[in-house]
Amino acid sequence: MMDLEDRKPWGVGVAGLGTVGAGLLSFLDGNPAFAPAGGLAYVSGVSARSRSRPRPFDISGLPWFDDPVALAQADSTEIFVELIGGSDGPAKAAVEAALKAGKPVVTANKALIAEHGAELAALAEEMDVPLLFEAAVMGGVPAVKMVREALVGDEIHSISGILNGTCNYILTEMEATGRSFADVLSEAQRLGYAEADPTMDVGGFDAAHKITILAALAFGCAPTFGAAEIEGIEQVELLDIRMAKDLGYRIKLVASAERSMHGALVRVHPTLAPLDHPLARAGGALNALFIEGERIGRIFVQGPGAGAGPTAAAVAADIADVIAGARRPVFQAPADTLAPFDPIDPSKMLGRAYLRFLVRDEPGVIAAVSETLAEAGVSIESFLQKPTEGAQGVPIVLTTHAVAESVLTAAVERIAGLPAVLDRPRLLRIARI
Ligand SMILES: NC(=O)c1ccc[n+]([C@@H]2O[C@H](COP(=O)([O-])OP(=O)(O)OC[C@H]3O[C@@H](n4cnc5c(N)ncnc54)[C@H](OP(=O)(O)O)[C@@H]3O)[C@@H](O)[C@H]2O)c1
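Residues numbered from 1 in each chain as written. Predicted model: local features only at pLDDT ≥ 70, side-chain atom pairs only at ≥ 80, totals over all residues. Heavy atoms only, no water.

Q: Report on unusual backbone geometry, specifying residues and quantitative values.
A: For Asp-128, which is not glycine, the phi torsion reads 60° and is therefore positive. Counting through the fold element by element, Asp-128 comes out in the loop between helix 4 (110-127) and strand 5 (131-132). Taking relative accessible area as the criterion, Asp-128 reaches 52% and is therefore assigned exposed. Phi is positive for Met-138, close to 65°, though the residue is something other than glycine. As for its position among the elements, Met-138 is in the loop between strand 5 and helix 5 (143-150). (Helix = DSSP H or I, 4+ residues; strand = E, 2+ residues; numbered from the N terminus. Buried < 20%, exposed > 50% of the residue type's maximum accessible area, 1.4 Å probe, protein only.)

Q: I'd like a description of the domain arrangement of the protein, backed by residues and values.
A: Split by domain assignment, the protein resolves into domain 1 (4-140 + 312-337), domain 2 (154-304) and domain 3 (346-430). The centre of domain 1, based on its C-alpha atoms, is set 28 Å off from the matching centre of domain 2. Counting residues at the interface gives 16 residues for domain 1, matched by 20 residues for domain 2. Of the roughly 1,400 Å² buried at the junction of domain 1 and domain 2 (both faces included), carbon and sulfur atoms supply 73%. The largest contributions to the domain 1 side of the interface with domain 2 come from Ala-114, Val-137 and Met-138, which together make up 43% of the buried area. Run the count over domain 1 and domain 2 and you get one salt bridge. For Lys-110, the salt bridge goes to Asp-206, with nearest N and O atoms at 3.4 Å. Taken together, the connections running from domain 1 to domain 2 amount to five residue pairs in polar contact (both at pLDDT 80 or more). The residue makeup of the side of domain 1 that touches domain 2, split by class, is ten nonpolar, four polar and two charged. (Domains from an automatic or database assignment. Contact = heavy atoms within 4.5 Å. Buried area = accessible area lost by both parts, 1.4 Å probe. Salt bridge = Lys/Arg side-chain N within 4 Å of Asp/Glu carboxyl O. Polar contact = N/O pair within 3.5 Å; in protein donor to acceptor, adjacent residues only side chain to side chain. Nonpolar A, V, L, I, M, F, W, Y, C, P; charged D, E, K, R; others polar.)

Q: Can you lay out the site of the ligand for me, pointing to particular residues and giving the numbers?
A: Taken together, 23 residues lie around the ligand, and Leu-17, Val-20, Ser-50, Arg-55 and Gly-307 are the ones closest in. Between the ligand and Arg-53, the relevant distance is 3.0 Å, taken from an oxygen atom to a side-chain nitrogen or oxygen of the residue. Within the contact set of the ligand, an oxygen atom lies 3.1 Å away from a side-chain nitrogen or oxygen of Lys-110. For the ligand, the protein covers 80% of the area, taking 900 Å² as the surface of the free molecule. (Near = heavy atom within 4 Å. Areas by Shrake-Rupley, 256 points an atom, 1.4 Å probe, with all protein chains shown as cover.)

Q: An account of the layout of surface pockets is requested, with residue identities and associated values reported.
A: Roughly 740 Å³ of internal volume is contained in the second largest pocket. Every residue lining the second largest pocket is counted, 38 residues in all, and those nearest its centre are Arg-267, His-269, Glu-405, Arg-429 and Ile-430. For the lining of the second largest pocket, the secondary structure elements donating two or more residues are strand 6 (156-162), strand 8 (249-260), strand 9 (263-274), strand 13 (353-359), helix 14 (405-416) and strand 17 (426-430). (1 Å grid on protein atoms, 1.4 Å probe; cavity = no way out; pocket = protein on both sides within 12 Å on 5 of 7 lines; lining within 4 Å. Points joined across faces, edges and corners; volume = space filled by probe spheres on them.)

Q: Which residues make up the packing of helix 5 against helix 9 (residues 205-219), and what are the values?
A: Their axes nearest at 8 Å, the elements helix 5 and helix 9 cross at an angle of 20°. By the criterion of interaxial angle, the relationship of helix 5 to helix 9 is roughly parallel. Between helix 5 and helix 9 lies a crossing whose hand is left-handed. Residue-level contacts link Ala-143, Val-144, Val-147 and Arg-148 of helix 5 to Leu-214, Leu-217 and Ala-218 of helix 9. For the contact of helix 5 with helix 9, the residue count by class is six nonpolar, no polar and one charged. (Axes fitted to C-alpha atoms, helices over the stretch in contact; angles between N-to-C directions. Parallel < 35°, antiparallel > 145°, perpendicular 65-115°, else oblique. Left-handed = near helix turned anticlockwise from the far one by under 90°.)

Q: Pulling in residues and values, what's your account of the packing of helix 4 against helix 9?
A: Between helix 4 and helix 9, the shortest axis-to-axis distance is 9 Å and the interhelical angle comes to 55°. As the angle between them shows, helix 4 and helix 9 are arranged oblique. With respect to the hand of their crossing, helix 4 and helix 9 are arranged in left-handed fashion. The segment helix 4 lies against helix 9, with Lys-110, Ala-111, Ile-113, Ala-114 and Glu-115 engaging Asp-206, His-209, Lys-210, Thr-212 and Ile-213.

Below is the structure:
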């Protein structure tokens, strides 16, 4: 075994000392012999917004940089680690500065990679330096390496995942405790599981960033965040969680990417997954991923998608790859050959759906709803009616057989206009998996 003093030391400049940055510093401090690749990673400089903020890790002995761009460019920085976050601003400026200076970059920033991945990959490849982002998707679960490297010998048809732990926690708690979305969200904020501004998480944007990255890696295209169709969990009601369960489903925020001969479809929306499906069983803050490939068949992985320890482990693995000299294109293929992302029109997609209508409790209403669906060519698979105590009207719920989304939404609009229908109909998709 190589002695410590024979190992080449690598100065690691760490910008961002929040949850992930502090996790990485603690890890490197406790593992002076890191990395497994035969080099020796040490923290050569740090940057954050406030130098005086109390931190779980002593930074007094580390060179401090007010400006992360200066840290990225410093001679002492041989590997630049960006843990600031945000698709633009200081994170992007510092990553660009590091790449332009010919420094390998490791980042956990999904927004940056999903929104600017193609241009950053081109810059990294032009400068012949790695740009690695294992921690950006599913935290501690090696999803990026799995899709980019281990599965490159197969043709991936679809990826679906629970990629946001906060949403999964909220939906799990709503089902377990019978509390509303708003109630569980404010508790999660109090406990520090959800951000003060939860929009990125509960609005589905964080999951959309992650599935955009996985789609690019799996389908050999440039990440195209603008093509993702996004719906969050803000409108998920307890009633739907209960009705879905009675029908044999659990509501999850599923991020999916599918490929067909017509193109690709990337989207995030609340989805009914059969109760016995692995995605339905991943509860709490867990992340889970389900992949279908031509030759491999089906793969399922789950694990911690966030937190200082798991995310820092993924960042450390990327640092080890840099030290080992591992080199491949940033995405599946060289940046200048990445195929353009060809989005499929979702209205043409066939799928099953869950529909809930709040109707007046009077004769003939159910017949009117089913006739409208039948006229439009939507066939009903199952039907459920449950009087709810004290509620105005009666909710009726049904699931459909597979139908084109455009046909379904037109039929739902017509039903919404029936005089006996009291509220906006609720439409949720049923997982195709
Ligand atoms: N948290 C997770 O579990 C997790 C999981 C996977 C991926 N990620 C990704 O990892 C990245 C970091 O996340 P985090 O949760 O660690 O964020 P965080 O706790 O909010 O920390 C952000 C850090 O960036 C620093 N910062 C902000 N503006 C800066 C500036 N202009 N110059 C220098 N430093 C600046 C902050 O400084 P101050 O401390 O002085 O305010 C803070 O230390 C994000 O891209 C996130 O999406 C996080």
